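A structural walkthrough
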Amino acid sequence: MEMNNSYMVFSGTATRYLAEKICLSLGCPLGKLQITHFSDGEFAVSYEESIRGRDIFLVQSTFPNSDNLMELLLMIDAAKRASARTINAVIPYFGWARQDRKDKPRVSIGAKLVADLLSVAGVNRVITMDLHADQIQGFFNVPVDHLYASGVILPYLQSLQLDDLVIASPDVGGSKRANAYAKYLGCPLVLCNKTRARANVVDTMQIIGEVEGKNVVIVDDMVDTAGTITKAADLMMETGAKSVRACASHCVMSGPASERVQASALEEMVFTDSIPYTQRCAKVKQLSVADMFAETIRRVIANESISDQYLV
């Protein structure tokens, strides 16, 4: 794609690796942005080139720590004050998305709060991928382009050419996503029914469906501590599965996750690169979503539909 002088792409600190790949796909340079850090931990954002009258795309996932979200908010505010024509937040991983409702008394709804922060800062559009809950799109009063990692994960699964394939969901909440994968691939669906002792701790798990003699692929939107997905994989192998793989959109992989995946029955763990993964785990493979986001940016600029990018 030829460089279009009406738009510019910038990146926060943590997602620069992905922004560079997006710019390579678009055929445009990454914009010059400086983030100055002070000794007390505070930081300031400044654009090092004019953005007046431009359509600005700010690439930044908001995974922990909260500095990534604060960087994005300051980037939006600085762009607004520098007279950018439109400010588009490209958020491959939208953090705080698991806090999308009041599931018990006296708790915050973090996803709504983050949506409000972005809106007040001055964002005109949000481009994101595989929100933990689809209804989070309704928390915004600006357009939300919601992409799906299935666009890169499904072609990879097809390339494996697995016989006796079964798609599994690690919990009932993910059954809609897993069912879409199963329909696209033309294979059966298996569910895992789990109960939690507390957050990030699985108490019990049962498999609903047949996995004996099957090549199982567990589908989820994110893997945090990897407790659920590794427990499911081990249980399926004990039940007679031929092999178990897992794929998820977002590589949160906190705490003991890498060690759990490495020690589990999983043959491989496939993620996108929406979040950087710096730990070493031989079973982890990352697929890039840079081309998908670049194509979406191109279509937004050209006022074209993005819906035909969706596989499921």
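Just so we're clear, the structure is a prediction, and the values are computed from it rather than from any experiment. (Residues numbered from 1 in each chain as written. Predicted model: local features only at pLDDT ≥ 70, side-chain atom pairs only at ≥ 80, totals over all residues. Heavy atoms only, no water.)

**A short note on the overall build of the protein chain**
Quick note on the threshold: Helix and strand assignments follow DSSP, with helices taken as H or I runs no shorter than four residues and strands as E runs no shorter than two, numbered in order from the N terminus. For a compact globule the rule gives 2.2 Å times the number of residues to the power 0.38, and the radius of gyration it is set against comes from C-alpha atoms. Throughout, a contact is declared for two residues whenever any of their heavy atoms are within 4.5 Å. Here the accessible surface of atoms and residues is derived via Shrake-Rupley with a 1.4 Å probe, and residues count as covered only by protein chains that are part of the display. Asp and Glu are treated as the negative residues and Lys and Arg as the positive ones, with His and the ends of the chain left uncounted. The location of each charge is read from NZ of Lys, CZ of Arg, CG of Asp or CD of Glu.
Counting secondary structure elements, the protein chain contains eight helices and 14 strands. Relative to its length of 312 residues, the protein chain is compact, with a C-alpha radius of gyration of 20 Å against a globular reference of 20 Å. Across its three principal axes, the protein chain shows a C-alpha extent of roughly 60 × 45 × 35 Å. Summarising the internal contacts of the protein chain: among those between residues at least 6 apart in sequence, 62% fall at separations of at least 24. For the protein chain, the accessible area works out to roughly 14,200 Å², and carbon and sulfur atoms hold 48% of it. For the protein chain, the distance from the average site of its 31 positive side-chain charges to the average site of its 35 negative ones is 3 Å.

**Section: unusual backbone geometry**
How we decide: Remark: exposure states derive from per-residue accessible area (1.4 Å probe, protein chains only) relative to the maximum for the residue type, with buried under 20%, exposed over 50%, and partly exposed in between.
N65 follows P64 through a cis peptide bond whose omega is 10°. Checked against the element boundaries, N65 lands in the loop between β4 (55–59) and α2 (67–81). Unlike most non-glycine residues, D130 shows phi in positive territory, near 45°. Look at D130 and you get buried, because its relative accessible area is 7%. A positive phi angle, close to 50°, is found at D164, a residue other than glycine.

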